[in-house]
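Notes for the structure review
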Amino acid sequence: MKLDKETIKWLRIYGYTLNNGDERFEKIKNKLKEMYPYEYYFYIDLDIKRESEEYALSYQAVYENQKEYWRVVKKRIREYKKKQIKELYGLKNS
């Protein structure tokens, strides 16, 4: 069972807001973690997010402009998240 495009879009935009500590959000997080573990770790887990941002921002390189720089940073974050989820939890995006 896969999540639809609208749900993934919502998770991409608002997923980290589920970490505010509210009991209702905890239930949603737990259900997502149970049913869709890869998406949970990719869109909601703050530890993986922080670690991947630190990794991506640690690179020192010269770029033509800011747009190119942030495009590369976003790509590195995404790739590092996928790598960490695979290494730590043995999960792949289906």
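The rules we used
Residues numbered from 1 in each chain as written. Predicted model: local features only at pLDDT ≥ 70, side-chain atom pairs only at ≥ 80, totals over all residues. Heavy atoms only, no water. Patch = residues over 30% accessible without salt bridge, like charges linked within 9 Å, V, L, I, M, F, W, Y side chains within 5 Å. Areas by Shrake-Rupley, 256 points an atom, 1.4 Å probe, with all protein chains shown as cover. Salt bridge = Lys/Arg side-chain N within 4 Å of Asp/Glu carboxyl O. Lys, Arg positive; Asp, Glu negative; His and termini not counted. Charge placed at Lys NZ, Arg CZ, Asp CG, Glu CD. Helix = DSSP H or I, 4+ residues; strand = E, 2+ residues; numbered from the N terminus. Buried < 20%, exposed > 50% of the residue type's maximum accessible area, 1.4 Å probe, protein only. Expected span 1.5 Å × (residues − 1). Arc of directions from axis to C-beta. Polar contact = N/O pair within 3.5 Å; in protein donor to acceptor, adjacent residues only side chain to side chain. Core = buried A, V, L, I, M, F, W, Y, C linked by side-chain atoms within 4.5 Å. Contact = heavy atoms within 4.5 Å.

Remarks on a positive patch on the surface
On the surface, Lys-9, Arg-12, Arg-71, Lys-74, Lys-75, Arg-78 and Lys-82 cluster together into a patch of positive charge. Among the elements of the structure, helix H1 (5-14) and helix H5 (66-89) are those that each provide at least two residues to the positive patch. With 5 residues, the single largest contributor to the positive patch is H5. Mapped onto the elements, Lys-9 comes out in helix H1. On the basis of relative accessibility, which here comes to 45%, the residue Lys-9 falls in the partly exposed class.

Quick word on the pattern of salt bridges
A full pass over the atoms with the stated rule returns 4 salt bridges. Among the salt bridges present, the one from Arg-24 reaches Asp-22, with a minimum N-O distance of 3.2 Å. Here Arg-24 falls in the exposed class, since its relative accessible area comes to 59%. Owing to a relative accessible area of 28%, Asp-22 belongs among the partly exposed residues under this scheme.

Let's talk about helix H4 (residues 46-57)
Taking 1.5 Å as the rise per residue, H4 with 12 residues should run 16 Å; its terminal C-alpha atoms sit 16 Å apart, in good agreement. Taken residue by residue, H4 has Ile-48, Ser-52 and Ala-56 as its buried positions. The arc enclosing the buried residues of H4, seen along the axis, measures out at 60 degrees, which places them on a common side. Turned more than 90 degrees off the buried face of H4, the exposed positions are Asp-47 and Glu-54. The N-capping residue of H4, defined by a side-chain oxygen 3.2 Å from the backbone nitrogen of Asp-47, is Asp-45.

A few points about the nonpolar core
If you look at the biggest cluster of nonpolar residues, it comprises 14 residues, and the most contacted ones within it are Leu-11, Leu-32, Tyr-43, Ile-44 and Ile-85. Of all the elements in the fold, those that place two or more residues in this core are H1 and helix H3 (37-43). When residues of this core are assigned to their parent elements, the largest contribution, 5 residues, is made by H3. If we ignore the near neighbours within four places in the chain, the residues touching Leu-11 are Leu-3, Leu-32, Glu-39, Tyr-43 and Ile-44.

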